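For reference, the chains in residue letters:
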Number of protein chains: 2
Amino acid sequence: MAGTEVRIGQGLLAELPHWTADRTTFALLDRTVAARHAVLQADGWHRHELTGGETVKTFTVLEAVLRAMVQAGCDRSSRLLACGGGSIGDLGGLAASLFQRGIELWQVPTTLLAMVDAGVGGKTAINLPEGKNLVGTVHPAALVVIDLEFVRLLPEREFDSGLAEAVKMAIGLDAGLFTLLERHRARVRARDLAALTEVVRSSLAAKIAVVEADPREHDRRRLLNLGHTLGHALETHQGGALPHGLAVARGLHFALDLATRLGALEPAAAQRCRALLTAYGYEPWPLPPAAELLPFMLRDKKQAGGVLHFAVPTGVGTSEVRPLATAELRSLLGG
Amino acid sequence: MAGTEVRIGQGLLAELPHWTADRTTFALLDRTVAARHAVLQADGWHRHELTGGETVKTFTVLEAVLRAMVQAGCDRSSRLLACGGGSIGDLGGLAASLFQRGIELWQVPTTLLAMVDAGVGGKTAINLPEGKNLVGTVHPAALVVIDLEFVRLLPEREFDSGLAEAVKMAIGLDAGLFTLLERHRARVRARDLAALTEVVRSSLAAKIAVVEADPREHDRRRLLNLGHTLGHALETHQGGALPHGLAVARGLHFALDLATRLGALEPAAAQRCRALLTAYGYEPWPLPPAAELLPFMLRDKKQAGGVLHFAVPTGVGTSEVRPLATAELRSLLGG
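Residues numbered from 1 in each chain as written. Chains lettered and ligands numbered in written order. Predicted model: local features only at pLDDT ≥ 70, side-chain atom pairs only at ≥ 80, totals over all residues.

Participant: Could you give me a rundown of the overall build of chain A, with the residues and numbers involved?
Facilitator: A tally of regular secondary structure across chain A gives 15 helices and 10 strands. Relative to the compact-globule value of 20 Å for 335 residues, chain A shows a C-alpha radius of gyration of 20 Å, a close match. Counting only C-alpha atoms and orienting by the principal axes, one finds that chain A spans roughly 55 × 45 × 35 Å. Out of the 335 residues belonging to chain A, those deemed buried represent 49%. Contacts in chain A between residues far apart in sequence, at least 24 positions, make up 72% of those at least 6 positions apart. (Helix = DSSP H or I, 4+ residues; strand = E, 2+ residues; numbered from the N terminus. Rg over C-alpha atoms; globule rule 2.2 N^0.38 Å. Buried ≥ 20, exposed ≤ 12 C-beta atoms within 10 Å, placed from the backbone. Contact = placed C-beta atoms within 7 Å.)

This is the structure:
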């Protein structure tokens, strides 16, 4: 997207300290990642390590990071480098956008989820007890460095969680990526880095095209929320025990059901999408009762007359946003 | 400035509830102001009252406001209206820019200081224990409503504090405002609302011209910091006991001394500026020792090689930014 450079490759991490030598760099690091990679202990960085996960996306941690930046002597010409999964990226991006009203941000995503999704687009966020990502800014990174080597080390469940976002991009936005995922299922699931590089590159290209057309999420950017309206509700409902991508994958099944019921999607196309999901291990599972899910889905929508806007697939690699009344939604959820 | 409408007049407050009827409005109100004006108890607003002052500019209060917004049912199409002094405006602006990544902001400044300065320009901020305004965003208000009636009720010291910012604009940016302040000293000091309307209008026009040329404070906007580098240090040094404008006024005397020493300002022009300051009651007073002030002035500048950038007057109504090495600064402060 405008102003964001993306570098994708294998072994890029080793170059990072050379690239950052031009200015003061405050490095917000996932503790586990930092312990594994000696290069992240680079001299000359002000390091601040955190245990990644949703628990860092709080006001308490945000304030601690900003105070550490002051204490490290950062100023307006400094850079914040966020290296970790989506939570470190969300928090780091927000800290960069708030410190002295905004400094340069570099994102170094280390999970597949963050590589295909969270690293670009500029959305930053922390949570409130009332819900996820309710507080944030739009602050695009100047540079996103994607080193596929990180993917080798991911636990199975995290790998699956990340891949679900790529499947989402394929279903909703990119027929080419869809075909790639269909054809190279074995290589992708075996973490063949060449195949994964193509998957990440295509996912990012699809996302960047949407974000460039709509940086502040007014309309077109909502397509990126395919699977997310239900997905976020499932995550909140399960108190964080369900990985984001797995929640989104379940949300994709729901979006396919919804699209079919609304007549937006041909049954054959829906079937092909469902087959891709199950081929990657994303089976549909029984949803919690509508009465438990609906409050989480409606939280931010009280003023909009009880109408939710759902991204729904309209074909393989295409989608659109449809309004849905609360009553209809309840009936679809079986409540 | 771009996107910001400014309405200036007397009795505008009465109109406010009609203007806000188009969408959900979360009103962040100074408690004292709200108690005095029944119109601020308007039906249909979600009200959140705070005791104004620097103590509201914390992460704790910010989080409480954002949570109250969620609980009130605000969404992305809602509006935040901030009505109070600069602190309420700074906090409210930041809350508006962070809530769901940014909602519409209206500013209703009730102090002279906020009217001439803080209400426009879009700078939002909270403080850290390490220093003032270290955390914030740039989020211009869609509408700024300036009702001069509020000025009648201001305590003397607050009135003087606000007027100092207008004097700053006059010295650094606007020879016309300078002449206005010279000629109508008696009317202005007696709070003649017609005269004050002109002072506020001119101050805003001067500020808006600078901000439009440089919304993110890279260069030209630094001219607005005339008197502020020392002023902020004095405020921090005195732990908040010194009103902002009175600190700035003392900083203006220092900037005049500095400009004369640097040969940037003719002695006759410096004399005329000093005369305006004293005519409005802003006498210079002895500064604390350099060793106590310097740490506050240098806090954010460690990476810039010990060079501070000072706005200095170069004539009546003109100014420029000059670099100043720490050693020179220490010597000027007599340390």
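Participant: Let's hear about the sheet that holds strand β3 (residues 45-50) of chain A: which residues, and what values?
Facilitator: Two orientations exist for strands paired in a sheet by backbone hydrogen bonds: parallel and antiparallel. All names here are of chain A. If you walk across this open sheet you meet the six strands as β1-β8-β5-β4-β2-β3, and the pairing is parallel. Two strands lie at the open edges of the sheet, namely β1 (5-9) and β3, each paired on one side alone. Across the sheet, the axes of successive neighbouring strands diverge by a mean angle of 15 degrees, strand direction being ignored. Docked against the sheet, helix α4 (residues 86-98) engages β2 (25-30), β3, β4 (79-84) and β5 (104-109), running at close to 170 degrees with respect to β4. (Pairing = 2+ DSSP bridges. Axes fitted to C-alpha atoms, helices over the stretch in contact; angles between N-to-C directions.)

Participant: If you had to explain the interface of chain B and chain A to someone new, which residues and values would you point to?
Facilitator: Quite often, the size of an interface is put as the accessible area lost when its parts meet. Taken together, the contact between chain B and chain A spans 30 residues of the former and 30 residues of the latter. Where the side of chain B that touches chain A is concerned, the elements lending two or more residues are α3 (59-71), α4 (86-98) and β7 (131-135) of chain B. Here the side of chain B that touches chain A gets six residues from one element, more than from any other, and that element is α3 of chain B. Among the residues forming the side of chain B that touches chain A, the class breakdown is 10 nonpolar, 11 polar and nine charged. (Nonpolar A, V, L, I, M, F, W, Y, C, P; charged D, E, K, R; others polar.)

Participant: Give a detailed account of the relation of the copies chain B and chain A, specifying residues and quantitative values.
Facilitator: Overlay of chain B on chain A (RMSD 0.0 Å): rotation 180 degrees, translation along the axis 0.0 Å. On this basis, the relationship between the two copies can be described by a two-fold rotation axis. Closest to the rotation axis within chain B is the C-alpha of Phe59 of chain B, separated from it by 3.5 Å. A shared interface surface links the copies, since 100% of the contact residues of chain B are contact residues in chain A too. (Least-squares fit on C-alpha atoms with pLDDT ≥ 70 in both.)

Participant: Describe the pairing of strand β2 (residues 25-30) of chain B, listing the residues and the values that go with them.
Facilitator: Side chains on a regular strand alternate between the two faces of the sheet. Residues and elements named next belong to chain B. Most of β2 sits out of view: six of its six residues are buried. Of the pairings in the sheet, the one linking β2 to strand β3 (residues 45-50) comprises six bridges and is parallel in character. Bridge assignment links Leu28 to a residue of β3, and that residue is His48. Handedness of the crossover joining β2 and β3 through helix α2 (residues 31-36): right-handed. In the sheet, β2 pairs with strand β4 (residues 79-84) via five bridges, with the strands oriented parallel. The partner of Leu29 across the bridge, within β4, is Cys83. (Right-handed = clockwise from strand over helix to strand, strands pointing away.)

Participant: Pulling in residues and values, what's your account of the sheet that holds strand β8 (residues 143-147) of chain B?
Facilitator: Residues and elements named next belong to chain B. What the six strands build is an open sheet, ordered β1-β8-β5-β4-β2-β3; its pairing is parallel. The open sheet terminates on both sides in strands that have one partner only, identified here as β1 (5-9) and β3. Within the sheet, the average angular offset between the axes of one strand and its neighbour, ignoring direction, is 15 degrees. Contacting β2, β3, β4 and β5 (104-109), α4 runs over the sheet at an angle of about 170 degrees to β4.

Participant: For the confidence of the model for chain A, give the residues involved together with the corresponding values.
Facilitator: Residues and elements named next belong to chain A. With 95% of its residues at a pLDDT of 70 or more, chain A has an overall mean of 92. Here residues 300-304 is a poorly scored stretch, pLDDT under 50, and it has 12 contacts once near neighbours within four places are set aside; other chains count. For this predicted complex, the interface score ipTM comes out at 0.87, alongside a pTM of 0.88. (pLDDT = per-residue confidence, 0-100.)

Participant: Give me the nonpolar core: which residues, what numbers.
Facilitator: Counting residues in each nonpolar core, the largest one holds 191 residues, and the members touching the most others are Val167 of chain A together with Val167 of chain B. If we skip the residues at most four places from it in the chain, Val167 of chain A touches Leu181, Ala249, Leu252, Leu276, Leu277 and Tyr280 of chain A. (Core = buried A, V, L, I, M, F, W, Y, C linked by C-beta atoms within 7 Å.)

Participant: Quick rundown of the domain arrangement of chain A? Include the residues and the values.
Facilitator: Residues and elements named next belong to chain A. Considered domain by domain, chain A is made up of domain 1 (5-152) and domain 2 (156-332). Distance between the C-alpha centres of domain 1 and domain 2: 26 Å. Listed per partner, the contact involves 21 residues of domain 1 and 27 residues of domain 2. Counting only elements with at least two residues in the side of domain 1 that touches domain 2, the list comes to β1, α5 (112-118), β7 (131-135) and α6 (149-152). By residue number, the principal contributor to the side of domain 1 that touches domain 2 is α5, which donates five residues. When the residues that make up the side of domain 1 that touches domain 2 are grouped by side-chain class, the tally is 11 nonpolar, five polar and five charged. (Domains from an automatic or database assignment.)

Participant: Provide a residue-level description of the environment of Arg330 of chain B, including the pertinent values.
Facilitator: Residue and element names in this part refer to chain B. Mapped onto the secondary structure, Arg330 falls in helix α15 (residues 326-332). Take Arg330: there are 15 C-beta atoms within 10 Å of it, and that puts it in the partly exposed class. Between the C-alpha atoms of Arg330 and Leu293, which are 37 residues apart in sequence, the distance is 9.4 Å.

Participant: Describe the environment of Ala268 of chain A, with residues and values.
Facilitator: With respect to the secondary-structure elements, Ala268 of chain A resides in helix α13 (residues 267-279). C-alpha separation for the pair Ala268 of chain A and Val316 of chain A, spaced 48 residues apart in sequence, amounts to 9.8 Å.

Participant: Hey, could you go over the packing of helix α8 (residues 175-183) of chain B against helix α10 (residues 193-213) of chain B for me, with residue numbers and the actual values?
Facilitator: Residues and elements named next belong to chain B. The contact between α8 and α10 brings their axes to 10 Å, and the two run at 160 degrees. By the angle class used here, α8 and α10 are roughly antiparallel. Note on packing geometry: the crossing formed by α8 with α10 is left-handed. From α8, Gly176, Leu177, Leu180 and Leu181 reach across to α10, where they touch Glu198, Val199, Ser202, Ser203 and Ala206. (Parallel < 35°, antiparallel > 145°, perpendicular 65-115°, else oblique. Left-handed = near helix turned anticlockwise from the far one by under 90°.)

Participant: Talk me through helix α13 (residues 267-279) of chain B; I want residue IDs and the actual numbers.
Facilitator: All names here are of chain B. Between its first and last C-alpha, α13 extends 18 Å over 13 residues, near the 18 Å set by a 1.5 Å rise per residue. Listed as buried for α13 are Ala270, Cys273, Leu276 and Leu277. Down the axis of α13, the smallest arc covering the buried residues is 120 degrees, so these residues share one side. Pointing more than 90 degrees away from the buried face of α13 are the exposed residues Pro267, Ala268 and Ala275. Immediately downstream of α13, the backbone of Gly281 shows phi near 90 degrees, a positive value. (Expected span 1.5 Å × (residues − 1). Arc of directions from axis to C-beta.)

Participant: Report on unusual backbone geometry, specifying residues and quantitative values.
Facilitator: In this structure, Asn133 of chain A is a non-glycine residue whose phi angle is positive, near 55 degrees. With respect to the element layout, Asn133 of chain A can be found in strand β7. Among the residues examined, Asn133 of chain A registers 17 C-beta atoms within 10 Å and is labelled partly exposed. Although it is not a glycine, Gln100 of chain B adopts a positive phi angle of roughly 45 degrees. Looking at the secondary structure, you find Gln100 of chain B in the loop between α4 and β5.

Participant: Got a sec to walk through the packing of helix α7 (residues 156-173) of chain B against α10 of chain B? Specific residues and values, please.
Facilitator: Residues and elements named next belong to chain B. It is at 10 Å that the axes of α7 and α10 come closest, and there the two elements cross at 55 degrees. For the element pair α7 / α10, the angle class is oblique. For the pair α7 and α10, the sense of crossing is left-handed. Of the residues in α10, those in contact with Glu165, Ala166, Met169 and Leu173 of α7 are Val199, Ser203, Ala206, Lys207 and Val210. When the residues that make up the contact of α7 with α10 are grouped by side-chain class, the tally is six nonpolar, one polar and two charged.

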